[in-house]
Amino acid sequence: MTVEYIRYRIAAEQQPAFVQAIKSACQLLASSPDCLSYQLGHCDEDSTLFIWRIEWTSVEQHLNGFRKSPEFGAFFQLVKPFYSGIQEMNHYSVLV
């Protein structure tokens, strides 16, 4: 299993649209056999920070499965307006 963390900084006025876009994108993730789970967290100390945690079966399945699926085009269109807010986007192997 691989966990992808996407850390965003989103201005207050963009947050409602951002959260709605992520909710819609999560519906597409839910239909993918490559995605095991997901969650969006909002920072308590800094209201502009969000972390989207996505569990994938593997990096390979994420990159060569989901990203090459028909659903990815719709997914990308939902999240694309918020790309400039990305602070980190990395895959992590689970050790413990």
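Residues numbered from 1 in each chain as written. Predicted model: local features only at pLDDT ≥ 70, side-chain atom pairs only at ≥ 80, totals over all residues. Heavy atoms only, no water.

Asker: I tried to follow a nonpolar patch on the surface on my own but got confused; where do I start?
Answerer: A surface patch of nonpolar side chains, amounting to about 270 Å² of accessible area, comprises Met-1, Leu-36 and Val-94. With respect to the helices, strands and loops of the structure, Val-94 is situated in the segment after β4 (86–93). (Patch = residues over 30% accessible without salt bridge, like charges linked within 9 Å, V, L, I, M, F, W, Y side chains within 5 Å. Areas by Shrake-Rupley, 256 points an atom, 1.4 Å probe, with all protein chains shown as cover. Salt bridge = Lys/Arg side-chain N within 4 Å of Asp/Glu carboxyl O. Helix = DSSP H or I, 4+ residues; strand = E, 2+ residues; numbered from the N terminus.)

Asker: What is the right way to look at the environment of Ile-54 in this model?
Answerer: Position of Ile-54 among the secondary structure elements: in strand β3 (residues 49–56). Its relative accessible area of 1% is what places Ile-54 among the buried residues. In this structure the C-alpha to C-alpha distance between Ile-54 and Gln-39, which are 15 residues apart in sequence, comes to 6.7 Å. (Buried < 20%, exposed > 50% of the residue type's maximum accessible area, 1.4 Å probe, protein only.)

Asker: What exactly am I supposed to notice about the packing of helix α1 (residues 15–30) against helix α3 (residues 70–79) here?
Answerer: Geometry of a packed helix pair, given as the angle between the helix axes and the separation of the axes. In the contact formed by α1 and α3, the axes pass within 9 Å of each other and the chain directions differ by 165°. Classed by the angle they form, the pair α1 and α3 counts as roughly antiparallel. Between α1 and α3 the crossing geometry is left-handed. For the pair α1 and α3, the contacting residues are Ala-21, Ile-22, Ser-24, Ala-25, Leu-28 and Leu-29 in the first and Glu-71, Ala-74, Phe-75, Leu-78 and Val-79 in the second. Looking at the contact of α1 with α3 residue by residue, the classes come out as nine nonpolar, one polar and one charged. (Axes fitted to C-alpha atoms, helices over the stretch in contact; angles between N-to-C directions. Parallel < 35°, antiparallel > 145°, perpendicular 65-115°, else oblique. Left-handed = near helix turned anticlockwise from the far one by under 90°. Contact = heavy atoms within 4.5 Å. Nonpolar A, V, L, I, M, F, W, Y, C, P; charged D, E, K, R; others polar.)

Asker: Help me out: how do you make sense of the side chain of Glu-55 in this one?
Answerer: Structurally, Glu-55 can be placed in strand β3. Side-chain polar atoms of Glu-55 contact the side chain of Arg-53, separated by 2.7 Å. (Polar contact = N/O pair within 3.5 Å; in protein donor to acceptor, adjacent residues only side chain to side chain.)

Asker: Just checking my understanding: could you explain the pattern of salt bridges for this structure?
Answerer: Should the charged atoms of two oppositely charged side chains come close, the side chains can pair. The final tally for this structure, using the stated rule, is three salt bridges. The shortest N-O distance in the salt bridge between Asp-46 and Arg-9 comes to 3.1 Å. Of this pair, Asp-46 sits in the loop between β2 (35–42) and β3 while Arg-9 sits in strand β1 (residues 2–9), placing them 37 residues apart in sequence. We classify Arg-9 as partly exposed; its relative accessible area is 39%.

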